[in-house]
Amino acid sequence: MSDRGTPYGFRHMHGFGSHTFSMINDKNERVWVEFHFKTKQGIKNFTDDEATKMAGENPDFAQEDLCNAIENGDFPKWTMYMQVMTEEQAQKNSDGILSILLKVWFQGDFPLIEIGEMELNEIPVNYFAHRTVLFTKQFN
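Keep in mind it's a predicted model, so treat the numbers as computed, not measured.

Asker: Lay out the overall build of the protein with the relevant residues and their values.
Answerer: Of the regular secondary structure elements, the protein holds four helices and eight strands. Ordered by position in the sequence, the α and β elements of the protein form the string β-β-β-β-β-α-α-β-α-α-β-β. Buried residues in the protein amount to 31% of all 140 residues. At a minimum sequence separation of 6, the contacts of the protein that also span at least 24 residues come to 68%. Total accessible area computed for the protein in this model is approximately 9700 Å², and 54% of it derives from carbon and sulfur atoms.

Here it is, written out as structure tokens:
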């Protein structure tokens, strides 16, 4: 349990990538990026007692809640952001390039840039082969 409680399913929690990616910009320069997803449904958490009860009664609650919302046309959405670090900024990092791949980047140093909206609008038949993400705002 976190200091905020146990999340009330996947729809009501923020997410972020645990990996740093390398991208090439329109000037053919490498930049490093990290992705963040902020729920548009609002943060919602179980109390400790509710989480304990739910874990015993329905350990698949989070997945069922997500699937039920999609089946009912209440498509979950997240605002998608990324943080960008230039090669120059990465080289100035005192711990070396590996540390930027493994550490959290402070938003004061690398502000979140909104890049679009992620919507889950169908339940995949095959989680590994089926793409369910629709971006409704394109990169600038």
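Asker: With reference to specific residues and values, describe the nonpolar core.
Answerer: Ranked by size, the top nonpolar core spans 12 residues in total: Val31, Val33, Phe35, Phe37, Leu66, Ile70, Trp78, Met80, Met82, Ile115, Met118 and Leu120. Elements with a minimum of two residues in this core: β4 (30-39), α2 (61-71), β6 (77-86) and β7 (113-120). Among all residues touching Phe37, those that are not within four sequence positions of it are His14, Gly15, Phe16, Trp78, Thr79, Met80 and Met118.

Asker: Go over the side chain of Thr79, please, and point to the residues and values.
Answerer: Here Thr79 lies in strand β6. When neighbours within four sequence positions are excluded, Thr79 is seen to be in contact with His36, Phe37, Lys38, Lys40, Glu114 and Gly116.

Asker: Tell me about the pattern of salt bridges, residues and numbers included.
Answerer: Here the structure, examined in full by the defined rule, presents seven salt bridges. For Lys40, the salt bridge is made with Glu117, and the minimal N-O distance between the two is 2.6 Å. Of the two residues, Lys40 is situated in the loop between β4 and β5 (45-46) and Glu117 in strand β7; the sequence distance between them amounts to 77 residues. One salt bridge in this structure joins Lys77 and Glu119, with 3.5 Å as the shortest N-O distance.

Asker: How would you summarise the environment of Pro124 if you had to cite specific residues and measurements?
Answerer: With respect to the secondary-structure elements, Pro124 resides in the loop between β7 and β8 (133-135). As for Pro124 and Cys67, which are separated by 57 residues in sequence, their C-alpha atoms are 9.8 Å apart.

Asker: Explain the environment of Glu117 to me, and be specific about the residues and the numbers.
Answerer: On the basis of relative accessible area, Glu117 is assigned to the buried category, the value being 13%. Spatially, the C-alpha atoms of Glu117 and Thr39 are 9.9 Å apart, while their sequence positions differ by 78 residues. Side chain to side chain, Glu117 and Lys40 meet in a polar contact 2.6 Å long.

Asker: Account for the packing of aromatic side chains, naming residues and giving values.
Answerer: One pass over the full model with this rule turns up five aromatic pairs. Among the aromatic residues, those joined into a cluster by ring pairs are Tyr8, Phe46 and Phe61. Lying over the aromatic face of Tyr81, Lys38 brings its terminal NZ or CZ to 5.9 Å of the ring centre. Taking NZ or CZ as reference, Lys44 lies 3.9 Å from the ring centre of Tyr8, over its face.

About the criteria used
- For every chain, the first residue of its written sequence is number 1, and the numbers climb from 1 along that sequence.
- Only residues with pLDDT of at least 70 are given local features in this predicted model, and only at 80 or more are side-chain atom pairs given and counted; all residues enter the totals for whole chains, interfaces and linings.
- Excluded from the side-chain calculation are hydrogens and water; included are all heavy atoms of the structure.
- Runs of H or I in DSSP of at least four residues are treated as helices and runs of E of at least two as strands, each being numbered from the N terminus.
- Accessible area is worked out with a 1.4 Å probe on protein chains only. A residue is then buried under 20% of its type maximum, exposed over 50%, and partly exposed in between.
- When checking whether two residues touch, look at their non-hydrogen atoms; a contact exists if any pair is within 4.5 Å.
- Shrake-Rupley sampling with a 1.4 Å probe provides the accessible areas, and residues are treated as covered by the protein chains on show and by no other component.
- We call a set of buried Ala, Val, Leu, Ile, Met, Phe, Trp, Tyr and Cys residues a nonpolar core when their side-chain atoms join them within 4.5 Å.
- Throughout this description, the term salt bridge denotes a Lys or Arg side-chain nitrogen within 4 Å of a carboxyl oxygen of Asp or Glu.
- Polar contact is the term for a pair of N or O atoms within 3.5 Å; when the atoms are in protein, one must be able to donate a hydrogen and the other to accept it, and sequence-neighboring residues count only if both atoms are side-chain atoms.
- Stacked, tilted and edge-to-face are the three classes assigned to paired rings of Phe, Tyr and Trp, where Trp is represented by its six-membered ring and a pair needs centres within 6.5 Å; plane angles under 30 degrees give stacked, over 60 edge-to-face, the rest tilted.
- Two conditions define a charge sitting above a ring: the NZ of Lys or the CZ of Arg must be within 6 Å of the ring centre, and it must be within 35 degrees of the ring normal.

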